[in-house]
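Chain by chain, the residues run as shown.
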Amino acid sequence: MKGMEETLEIATPKRTKEIIQKHGFSFKKSLGQNFLIDQNILNKIVNAADLDESKGALEIGPGIGALTERLARVAGPVTAVEIDQRLLPILGEVMEPYPNVRVHHGDVLKLDLEELFRTDFGQVDKVSVVANLPYYVTTPIMMKLLEEKLPVDSIVVMIQKEVAERMASAPGSKEYGSLSIAVQYLSVPELVCVVPPTVFIPQPNVESAVIKLKVREQPPVQVPDEAHFFEVVQASFAQRRKTISNNLKSRFFTKDNREQADQLLEQAGIQPSRRGETLSLEEYATLSTVMWEAGVRAAL
């Protein structure tokens, strides 16, 4: 069995090149295709997902199946969503030994994920999303997975290091912004490891990182209206060099009621001279609640 596993292992430079050459596959830069060729990194990704046969795994952008193969060995049902039709016959061939794997052709941003979870993961209670994501659509995919309230236990993904740092950053750091707050409102992020460009074919121009998001059952703060909360957060970071007072005035107040901005900030216990990146998630929750209760909505 051990020998069989070694011959099936896709994530090596030799095997990856063999598969690519056999099928005449060429990389499309527009799809952000970078295939993993390092066993150690794959182990770290799969270990972070904490899978077993009672749990399902959803993979986005499986490529030629290096990570899919690993998931198939440790998880229950595995579903892979691939946008590039040229990869489907390759995946069909390399996944043949694994009856627990389903491959769907499609764009994950356009798929009805609720329906996919119902059909593919109906027999398991927990599902983890595990993927080497295309960097150009990382944020939209991550936010779709988090915002659609799917039965996802955790999200373990390889993404651009800079984006991973923004998701996990704390107030006061230069990486901290509206993405940090949105991700931390919906999940608990943890940086698993930093990954050099040398473990991919072809090599990307940036460093990568594996990040794990443990999806929260409930947000850590209560707000009266989530859409309003996120509007307040985004407005606060509109121009990073401006104070939070000036940023809020631009979005929520008119010339007639601009002085109310500072009053509400002070009511929330926040100095108007502070900048958006210094406020914690809890402070944003308090601020949005004070503004909501005062009837302040985004100015059209």
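Here is a short report on the structure shown in this document. As the structure is a prediction and not an experimental result, all values here were calculated from the model.

Rules used in this analysis
Residues numbered from 1 in each chain as written. Predicted model: local features only at pLDDT ≥ 70, side-chain atom pairs only at ≥ 80, totals over all residues. Heavy atoms only, no water. Helix = DSSP H or I, 4+ residues; strand = E, 2+ residues; numbered from the N terminus. Contact = heavy atoms within 4.5 Å. Axes fitted to C-alpha atoms, helices over the stretch in contact; angles between N-to-C directions. Parallel < 35°, antiparallel > 145°, perpendicular 65-115°, else oblique. Left-handed = near helix turned anticlockwise from the far one by under 90°. Nonpolar A, V, L, I, M, F, W, Y, C, P; charged D, E, K, R; others polar. Pairing = 2+ DSSP bridges.

A separate point is the side chain of Asp120. Residue placement: Asp120 occurs in helix α6 (residues 113-120). Those residues in contact with Asp120 that sit more than four places away from it in its chain are Pro77, Thr79, Arg102 and His104.

Here the focus is the packing of helix α9 (residues 178-186) against helix α10 (residues 226-236). Running from amino to carboxyl end, α9 crosses α10 at an angle of 150 degrees, the nearest separation of the two axes being 9 Å. By the criterion of interaxial angle, the relationship of α9 to α10 is roughly antiparallel. Once α9 is placed against α10, the crossing between them reads as right-handed. Contact residues: α9 offers Ser178, Ile181, Ala182 and Tyr185, while α10 offers Glu226, Phe229, Phe230, Val233 and Gln234. Here the contact of α9 with α10 is composed, by residue class, of six nonpolar, two polar and one charged.

As a further point, take the sheet that holds strand β9 (residues 208-215). If you walk across this open sheet you meet the seven strands as β4-β3-β2-β5-β6-β9-β7, and the pairing is mixed. Here the strands that pair on one side only, and so sit at the sheet edges, are β4 (101-105) and β7 (187-195). The sheet shows a mean angle of 15 degrees between the axes of neighbouring strands, taken without regard to direction. In this sheet, strand β3 (residues 78-82) lies alongside strand β2 (residues 55-60) in parallel orientation, the contact comprising four bridges. Directly across from Leu58, in β3, lies its bridge partner Thr79.

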